[in-house]
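Single-letter residue listing:
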Amino acid sequence: MAQDDIDSITGLPDELDIEGDLARAEQRVSIRTDERRYGKAMTIVEDIDTETVDVSELASELKSQLATGGTVDDGRIELQGDHTDRLPELLEDRGFSLAE
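What counts and what doesn't
- Residues numbered from 1 in each chain as written.
- Predicted model: local features only at pLDDT ≥ 70, side-chain atom pairs only at ≥ 80, totals over all residues.
- Heavy atoms only, no water.
- Pairing = 2+ DSSP bridges.
- Helix = DSSP H or I, 4+ residues; strand = E, 2+ residues; numbered from the N terminus.
- Salt bridge = Lys/Arg side-chain N within 4 Å of Asp/Glu carboxyl O.
- Buried < 20%, exposed > 50% of the residue type's maximum accessible area, 1.4 Å probe, protein only.
- Expected span 1.5 Å × (residues − 1).
- Arc of directions from axis to C-beta.
- Contact = heavy atoms within 4.5 Å.
- Polar contact = N/O pair within 3.5 Å; in protein donor to acceptor, adjacent residues only side chain to side chain.

Caption draft 1: Inspection of the sheet that holds strand β2 (residues 41-46) at higher detail. As summarised here, the arrangement of the five strands in space is β3-β4-β2-β1-β5, forming an open sheet in which the pairing is mixed. The open sheet is flanked by β3 (70-73) and β5 (97-98), the only strands paired with a single partner. Here two bridges tie strand β1 (residues 28-35) to β5, and the two strands are oriented parallel to one another. What sits directly across from Arg28, in β5, is Ser97.

Caption draft 2: Summary view of the pattern of salt bridges. The final tally for this structure, using the stated rule, is six salt bridges. Of the charged contacts in the structure, one is a salt bridge between Asp34 and Arg36, with a shortest N-O distance of 3.5 Å. According to the relative accessible area criterion, Asp34 is partly exposed, its value standing at 31%. For Arg36, a relative accessible area of 31% translates into the label partly exposed. Members of the salt-bridge network, linked through shared partners, are Asp34, Arg36, Asp73, Arg76 and Glu78.

Caption draft 3: Expanded view of unusual backbone geometry. Notably, Asp47 is not glycine yet its phi reads approximately 65°, a positive angle. Within the secondary structure, Asp47 is located in the loop between β2 and α2 (55-66). Positive phi values are uncommon outside glycine, yet Ala67 reaches one of about 50°. Its place among the elements puts Ala67 in the loop between α2 and β3. Classification of Ala67 by relative accessible area gives exposed; the value is 71%.

Caption draft 4: Just α2, in detail. The terminal C-alpha atoms of α2, which comprises 12 residues, lie 16 Å apart, in line with the 16 Å expected from a rise of 1.5 Å per residue. Along α2, the positions that sit buried rather than exposed are Val55, Leu58, Ala59, Leu62 and Leu66. In a view along the axis of α2, the buried residues occupy a sector of 100°, so they form one face of it. Against β3, β4 (76-80) and α3 (87-93) lie the buried residues of α2. Where α2 begins, the capping side chain belongs to Asp54, and its oxygen is found 3.3 Å from the backbone nitrogen of Ser56. Taken from the residues just after α2, Ala67 is the one with a positive phi, measuring 50°.

Caption draft 5: Representation of the pairing of β4 within the structure. As defined by bridge partners, β2 adjoins β4 across three bridges and the pair is classed as antiparallel. Across the sheet, the residue bridging to Thr43 is Leu79, located in β4. Pairing analysis gives four bridges linking β3 to β4, with the strands arranged antiparallel. Bridging across to β4, Thr71 finds its partner in Glu78. Hairpin geometry of β3 and β4 is characterised by an intervening segment of two residues between the two adjacent antiparallel strands and by a positive phi of about 55° at Asp74.

Written out as structure tokens, the structure reads:
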């Protein structure tokens, strides 16, 4: 392993993405539901730091895990349906903290 592959702060390999994990753990994302056209539920994940997180990639992972459609709009993830039961666990598994 080359010296360039070692993080200067943590001393651990860059491929572990320790700084990314720390950045996600410090964030407090919030989850809420909204009612859209025809009374359909929409689950919204907000307060994501777009500087440290690839929101599009996260949205893609969540949509796949939840088998639902959705989009990214203004730095927030909008998922079709009410996923407030499973979404907190999926976000915590990815290192995010939830706002109370």
